[in-house]
Amino acid sequence: MLLTLAYNGSAWHGWQIQERANPPPTIQGEVEKALFALYGQKTRLYGAGRTDAGVHAHAQAAHCDVPHLLRDTRLAINAKLPPDIRILKAEEVAPGFHARKDALSKTYIYNFWREPTFIPPHMAPFAWNCGPLDHGRMREALEFLQTETDFASFQNSGTDITDTVRRINFIRLEERPNEEFYPPHIPLLRMTINANGFLKQMVRNIAGMLAWCGRSKLDASDAPAMLAKKSRAALPSPTAPACGLALAAIEYKKIS
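Residues numbered from 1 in each chain as written. Predicted model: local features only at pLDDT ≥ 70, side-chain atom pairs only at ≥ 80, totals over all residues. Heavy atoms only, no water.

A. Spotlight on the packing of aromatic side chains. Scanning the entire structure with this criterion turns up nine aromatic pairs. Ring centres 5.9 Å apart and planes at 15° place the aromatic pair Phe 118 and Tyr 182 in the stacked group. Placement of the pair is Phe 118 in the loop between strand E5 (103–113) and strand E6 (128–129) and Tyr 182 in the loop between strand E8 (165–175) and strand E9 (189–195), with a sequence separation of 64 residues. A relative accessible area of 29% means that Tyr 182 is categorised as partly exposed. In textbook terms, an aromatic cluster arises when at least three aromatic residues are bridged by ring pairs, as seen for Tyr 110, Phe 112 and Trp 128. (Phe/Tyr/Trp six-rings, centres within 6.5 Å; stacked < 30°, edge-to-face > 60°. Helix = DSSP H or I, 4+ residues; strand = E, 2+ residues; numbered from the N terminus. Buried < 20%, exposed > 50% of the residue type's maximum accessible area, 1.4 Å probe, protein only.)

The structure is reproduced here in structure tokens:
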């Protein structure tokens, strides 16, 4: 069975269950508890991506083996879940399907809130309240990032992955329509990025680098040299906060 999930990651310690004594609550763990309540057996859920603590999802994908689908599996699972985790779709898939290994590409979004005087309360958990940014300077860096190359400089420590080459299919920055009920303000800026895979906190490091360009602390022309060094130490900008990031879509060639 393939589940498509949306969640507000603010209260959760990421997607993946942490195998330790007294593990903190995670999205995977909560959904597995719901499946156990429905089927009466332990069911392992395999996600397409391991979102970090505080990261959100509009369309996470995860597969699991269950004895059968229920009359309304989506409704049944949602009835066992807290309101900040929702199953959007539950469907049968071909035997051997794997949510992570069969993914062709993933799309993430990152929200930058640039108005320094306020942030709407409903936006605060879902955007980096970073202040004014020059999005023209930020866009200059995009051409250096939309490529297939070694992105080791944008990978944080804590992973045993050795192949750090990834292909960014597209990356763009767009100003979003203003919040209509609020005073005039600088529009929210959204980064959308699609790639064949991502390294640990790679999107948040790209967002941090773009913000540093937008604050004139880096030049877009610095990007090639930082990439060439293949070391996170070569990237002077911070890792952007988790709250602005959301897993937006996962593309598969065939699921059944």
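B. Spatial organisation of helix H1 (residues 27–39). The terminal C-alpha atoms of H1, which comprises 13 residues, lie 18 Å apart, in line with the 18 Å expected from a rise of 1.5 Å per residue. All of the buried residues in H1 are Ile 27, Gln 28, Gly 29, Glu 30, Val 31, Glu 32, Ala 34, Leu 35 and Tyr 39. On its buried face, H1 sits against strand E1 (2–7), helix H2 (73–78) and strand E4 (85–91). By the N-cap criterion, in which a side-chain oxygen at the helix start approaches the backbone nitrogen of a residue two or three places on, H1 is capped by Thr 26, the distance to Gly 29 being 3.1 Å. Directly after H1, the chain includes Gly 40, whose backbone phi takes a positive value near 70°. (Expected span 1.5 Å × (residues − 1). Contact = heavy atoms within 4.5 Å. Polar contact = N/O pair within 3.5 Å; in protein donor to acceptor, adjacent residues only side chain to side chain.)

C. Unusual backbone geometry, seen in detail. The phi dihedral of Asn 22 falls on the positive side, at around 50°, and the residue is not glycine. Look at Ser 216: it is not a glycine, yet its phi comes out positive at around 65°. Turning to its location among the elements, Ser 216 is positioned in the loop between helix H5 (202–214) and helix H6 (223–229).

D. Summary view of the nonpolar core. By size, the foremost hydrophobic cluster in this structure holds 70 residues, and its most contacted members are Phe 112, Met 191, Ile 206 and Met 209. If you tally residues by element for this core, the top one is H5, at nine residues. Apart from residues no more than four positions distant in its own chain, Phe 112 is found in contact with Trp 128, Cys 130, Leu 133, Met 138, Leu 173, Leu 188, Leu 189, Met 191, Ala 207 and Ala 211. (Core = buried A, V, L, I, M, F, W, Y, C linked by side-chain atoms within 4.5 Å.)

E. Molecular detail of the side chain of Asn 111. With respect to the helices and strands, Asn 111 occurs in strand E5. Those residues within four positions of Asn 111 in sequence are excluded, and the remaining contacts are Phe 126, Ala 127, Trp 128, Leu 188, Leu 189, Arg 190 and Gly 244.

F. Layout of H5. Here H5 is 13 residues long and its end C-alpha atoms lie 18 Å apart, about the 18 Å a rise of 1.5 Å per residue gives. For H5, a buried count of 13 out of 13 residues is recorded, marking the element as mostly surrounded by other parts of the structure. Directly after H5, the chain includes Ser 216, whose backbone phi takes a positive value near 65°.

G. Just the environment of Phe 36, in detail. Relative to the elements of secondary structure, Phe 36 occurs in helix H1. Once residues within four sequence positions are removed from consideration, Phe 36 is found in contact with Gln 41 and Lys 42.

H. Summary view of the pattern of salt bridges. As enumerated under the stated definition, the model contains seven salt bridges in all. Ionic pairing is found between Arg 44 and Glu 19, a salt bridge with its closest N-O pair at 3.4 Å. Here Arg 44 is found in the loop between H1 and strand E2 (46–47), whereas its partner Glu 19 is found in the loop between E1 and H1, with 25 residues between them in sequence. Arg 44 sits in the partly exposed class, given a relative accessible area of 29%. For Glu 174, the salt bridge identified is with Arg 172, shortest N-O distance 3.7 Å. Under the relative-accessibility criterion, Glu 174 is labelled partly exposed at 32%. (Salt bridge = Lys/Arg side-chain N within 4 Å of Asp/Glu carboxyl O.)

I. Region of interest: the pairing of E9. Burial runs high along E9: seven of the seven residues are buried. Side chains of E9 alternate between two faces, with Leu 189, Met 191, Ile 193 and Ala 195 and Arg 190, Thr 192 and Asn 194 buried alike. Pairing of E5 with E9 involves seven bridges; the strand directions are antiparallel. Residue pairing for E9: Lys 106 is matched across the bridge by Ala 195. As paired elements, E8 and E9 share seven bridges and run antiparallel to each other. Across the sheet, the residue bridging to Glu 175 is Leu 189, located in E9. (Pairing = 2+ DSSP bridges.)

J. Structural view of the state of the cysteines. One pass over the structure, following the stated rule, counts zero disulfides. Distance from the sulfur of Cys 243, which forms no disulfide, to the nearest cysteine sulfur (Cys 130) is 9.7 Å. (Disulfide = S-S within 2.5 Å.)

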